[in-house]
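This is what each chain is made of:
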Amino acid sequence: MSQRRSLLPGFGLSLGVTVFTVSLLVLIPLVALVTKSAELSLGELWHTLADRRVLAAFRVSFSTAFAAAFFNLFLGLIVAWVLVRYPLPLKRAWDSLIDLPFALPTAVAGIVLTTLYSPNGWLGQFFAELGIRVAFTPLGITIALIFIGLPFVVRTVEPVLQDLDRQQEEASTSLGASRWQTFRRVLLPPLVPALLTGFSLAFARGLGEYGSVIFIAGNMPMKSEIVPLLIVTKLEQYNYPGATVIALASLVVAFVMLLIINGLQQWTRQRTGRD
Amino acid sequence: MSIQVNHLTKRYGDFTALDDIDLAIDDGELVALLGPSGCGKTTLLRSIAGMEFADSGNILLEGRDMTFEPIRHRHVGFVFQHYALFNHMSVFENVAYGLRVRPRAQRPPEAEISRRVHELLDLVQLDWLAKRFPPQLSGGQRQRIALARALAVEPRYLLLDEPFGALDASVRKELRRWLRRLHEELHVTSLFVTHDQEEAMEVASRIVVMNHGRIEQVGTPEAVYDSPATPFVSTFIGSVNVLHGSLRDGHFDTGGWQLPIPNADLNSRSQNAFVRPHDIEIVRDASTPWPVRIRHVQPMGSSYHVEATPVTDTVQGPRVENDYLTVELTRQTFKTLALEVGEVVGIRVHHLHWFHQETAPALD
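Residues numbered from 1 in each chain as written. Chains lettered and ligands numbered in written order. Predicted model: local features only at pLDDT ≥ 70, side-chain atom pairs only at ≥ 80, totals over all residues. Heavy atoms only, no water.

Asks: Quick question: what am I supposed to make of the domain arrangement of chain B here?
Replies: Many descriptions give the size of an interface as the accessible area lost when the pieces come together. Residues and elements named next belong to chain B. What the domain assignment reports for chain B is domain 1 (3-230) and domain 2 (239-363). Contacts between the two partners involve six residues from domain 1, matched on the other side by five residues from domain 2. Summed over both sides, the interface between domain 1 and domain 2 buries roughly 460 Å², with carbon and sulfur atoms accounting for 49% of that surface. Taken as a group, Tyr225, Pro228 and Thr230 account for 72% of the area that domain 1 buries against domain 2, more than any other trio of residues on that side. Linking domain 1 with domain 2 are zero salt bridges. The tally of links from domain 1 across to domain 2 stands at two residue pairs in polar contact (both at pLDDT 80 or more). (Domains from an automatic or database assignment. Contact = heavy atoms within 4.5 Å. Buried area = accessible area lost by both parts, 1.4 Å probe. Salt bridge = Lys/Arg side-chain N within 4 Å of Asp/Glu carboxyl O. Polar contact = N/O pair within 3.5 Å; in protein donor to acceptor, adjacent residues only side chain to side chain.)

What follows is the structure, encoded as structure tokens:
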């Protein structure tokens, strides 16, 4: 048996550390989740999940998280573009501002957004005049999730945008392409994998987000109640198996969706010959 | 007159990239813009392409003023130093790009696009790579694909910005010859930027020598080498020995050495004279008034470069730049002379050139 030599030592060690921490922090809690929900019989499980209130919460959570992530796809690209391509005064300050949603306690963000967007708030009053209610509706939830998710898209797209070869754009125009054609055919394709990554991160975060949402959501069952809140409600009623079942279902759905997005990303990479 | 540049000036803040440039290029020419880095050659090329816009002056393409036309309307094919291929598209799609982005009415049908692309890939001898992606190709292959891509739109002018600058010496040599052959075949008016004088001499039919945003000389490779117009061109094209001294009574006087100059009857203040290494002969005859000591011998393959220090009994001695002369000898001559490092021999200067009213030579 010949041992494979690698330039950097410590493959065994780093693999060990990885497996150990991933087990401790991710896998074991997940197993606990599964075992706890196994306490319920299939009938009870069905009963819990098929509840109309639970289904409505799933619908609210997934649709708002998706809408927010989708919106951030565009907003994030534009923000990253501006940060990378234009000489902005106080660029560093703008740049750090992007990360603020990461650092701000989410409850603070939630309360601020609620105050602003409630029907008599600074911004909410204008929407109210137009007959649009923002706070205490899924629209409000989406706004909170846009706030939370934006840095994910910006930060994943930014480095790729920075690495893009500006001369490819010049080459494209010299070959007769219009600005839109250059954007569509030369700029966008290399950005797609990063955009998808940013999207999936923002989406995943949006599904699990609790703090910033519960204030602006209003939490009306069937209308603006999100899954994480439902789980907390079940916990407060000491319905531990019920809470874990919902959590597990939410996880499974999220996992499947992330898997699909990753697959999509893999596909775009292969199509463009990068793997 | 295919490309005509009149009084073109471009500044970046305090830096003058182009200083009142006038240049005319005929149909079907292959011209090199040659100069050290920062001399403005790339800015000039990019201005002609429409990627930069000058502060004043104008650019005529086939007699039409195109100074402010965007690049799309200029019918130029541009080749970049670092290829600028679209890495997410196959080689085929890269070459097809210029045809695919045409307005629907002018876009050729798919079969026609395919035929044209394969024709161009055949021309650059890389049809077998059509399905690959640029990152999988070597530098030389990438540059040839970039050229095929530029030619796909049937440009009236081909502009190349240091096209071989990023390649290995051997690939470079091969591509140079190949570019010249391609030009002979296609006859598209071509302008390429280079800082490599050997490359300019080998490929171009005319050379534009630039320095500090100005044109120093325009001429055939032979002309710029044999009769340089300025001290800068003398030192930049080919190697040269610089002697400090003055013209006096038909001689060039440098610290005790009196070198004869044909047809020179003027007296002049202190200035420089330039001697090519192959214009100096080494003789074993101690009678010549110019003895030198052999300092170093460098075999260069087909020739030998000999470094020789002037030997003199006067205090100052001949004022030679770097304190030694470089003499280029053929292999044959070197073998016949059987020179030894350290020995003293004589030299004869066969040709020397100098400039009226010379300012300090630019040796950067």
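That covers the picture; the talk isn't over yet.
Asks: When you look at the sheet that holds strand β2 (residues 15-25) of chain B in this model, what are you seeing that I'm missing?
Replies: Each strand in a sheet pairs with its neighbour through backbone hydrogen bonds, running either in the same direction (parallel) or in the opposite one (antiparallel). Residues and elements named next belong to chain B. Taken together, the four strands give an open sheet; going across it, the order is β2-β1-β4-β5, and neighbouring strands pair in antiparallel fashion. Unpaired on one side and paired on the other, β2 and β5 (64-65) mark the two borders of the sheet. Sheet contacts for helix α1 (residues 41-49): β1 (3-12), β2 and β4 (56-61); angle to β1, the most-contacted strand, approximately 120°. (Pairing = 2+ DSSP bridges. Helix = DSSP H or I, 4+ residues; strand = E, 2+ residues; numbered from the N terminus. Axes fitted to C-alpha atoms, helices over the stretch in contact; angles between N-to-C directions.)

Asks: Teacher, can you tell me more about the packing of helix α3 (residues 52-85) of chain A against helix α9 (residues 179-208) of chain A here?
Replies: Between two packed helices, both the angle of their axes relative to each other and the distance between the axes serve to describe the pair. Residues and elements named next belong to chain A. Here α3 crosses α9 at 135°, and the two axes come no closer than 8 Å. One finds that α3 runs oblique with respect to α9. Judged by the sense of rotation from one axis to the other, the crossing of α3 with α9 is right-handed. Of α9, the residues touching α3 (which contributes Ser61, Phe62, Ala65, Phe66, Ala69, Phe70, Leu73, Leu77, Trp81 and Arg85) are Phe183, Leu187, Leu188, Leu191, Leu195, Phe199, Ala202, Phe203, Gly206 and Leu207. (Parallel < 35°, antiparallel > 145°, perpendicular 65-115°, else oblique. Left-handed = near helix turned anticlockwise from the far one by under 90°.)

Asks: Can you help me understand the UniProt feature "transmembrane region" (unreviewed entry) in chain A in this one?
Replies: Residue and element names in this part refer to chain A. With numbering aligned to this structure, UniProt lists the feature "transmembrane region" (unreviewed entry) at residues 12-34, 54-84, 96-118, 130-154, 186-204 and 238-261. Spanning residues 12-34, this segment combines 100% helix with 0% strand, and its end C-alpha atoms are found 30 Å apart. Segment residues 238-261 splits into 92% helix and 0% strand. End C-alpha atoms: 36 Å apart. (UniProt positions renumbered as here; feature names shortened; annotations may be inferred.)

Asks: Got a minute to help me understand the packing of aromatic side chains in this structure?
Replies: For any two aromatic rings, the description comes down to two numbers: the centre-to-centre distance and the angle of the planes. Inspection of the entire model under this criterion finds 15 aromatic pairs over all chains. Both rings, one in Phe58 of chain A and one in Phe62 of chain A, keep their centres 6.1 Å apart while their planes meet at 15°; by these two values the pair is stacked. Highlighted residues: Phe58 of chain A and Phe62 of chain A, both in helix α3, separated by four residues, approximately one helical turn. Per residue, the accessibility class of Phe58 of chain A equals that of Phe62 of chain A, and both read buried. With centroids separated by 4.6 Å and ring planes inclined at 55°, the aromatic side chains of Phe86 of chain B and Tyr97 of chain B adopt a geometry described as tilted. With Phe86 of chain B in the loop between β6 (76-79) and α2 (91-100) and Tyr97 of chain B in helix α2, this residue pair connects regions lying 11 residues apart in the sequence. Both residues of the pair, Phe86 of chain B and Tyr97 of chain B, belong to the buried class. (Phe/Tyr/Trp six-rings, centres within 6.5 Å; stacked < 30°, edge-to-face > 60°. Buried < 20%, exposed > 50% of the residue type's maximum accessible area, 1.4 Å probe, protein only.)

Asks: Help me understand the interface of chain B and chain A in this model?
Replies: Listed per partner, the contact involves 22 residues of chain B and 22 residues of chain A. Counting each side, the surface lost to burial between chain B and chain A is near 1,900 Å², with a carbon and sulfur contribution of 57%. For the chain B face of the interface with chain A, the top three residues by lost area are Arg72, His88 and Tyr97 of chain B, together amounting to 31%. With its nearest N and O atoms 2.6 Å apart, the salt bridge here joins Glu170 of chain A to Arg46 of chain B. Only β6, α2 and α4 (139-152) of chain B provide two or more residues apiece to the side of chain B that touches chain A.

Asks: I'm lost on the pairing of strand β9 (residues 206-211) of chain B in this one. Help?
Replies: Residues and elements named next belong to chain B. Burial runs high along β9: five of the six residues are buried. Here strand β3 (residues 30-34) runs beside β9; their pairing, made up of four bridges, is parallel. What sits directly across from Val31, in β9, is Arg206. Two elements, β9 and strand β10 (residues 214-219), share five bridges in a ladder whose sense is antiparallel. Pairing of Ile207 across the sheet is with Gly219, part of β10. If you look at the hairpin formed by β9 and β10, you'll find two residues sitting between the two strands, and His212 has a positive phi there, around 50°.

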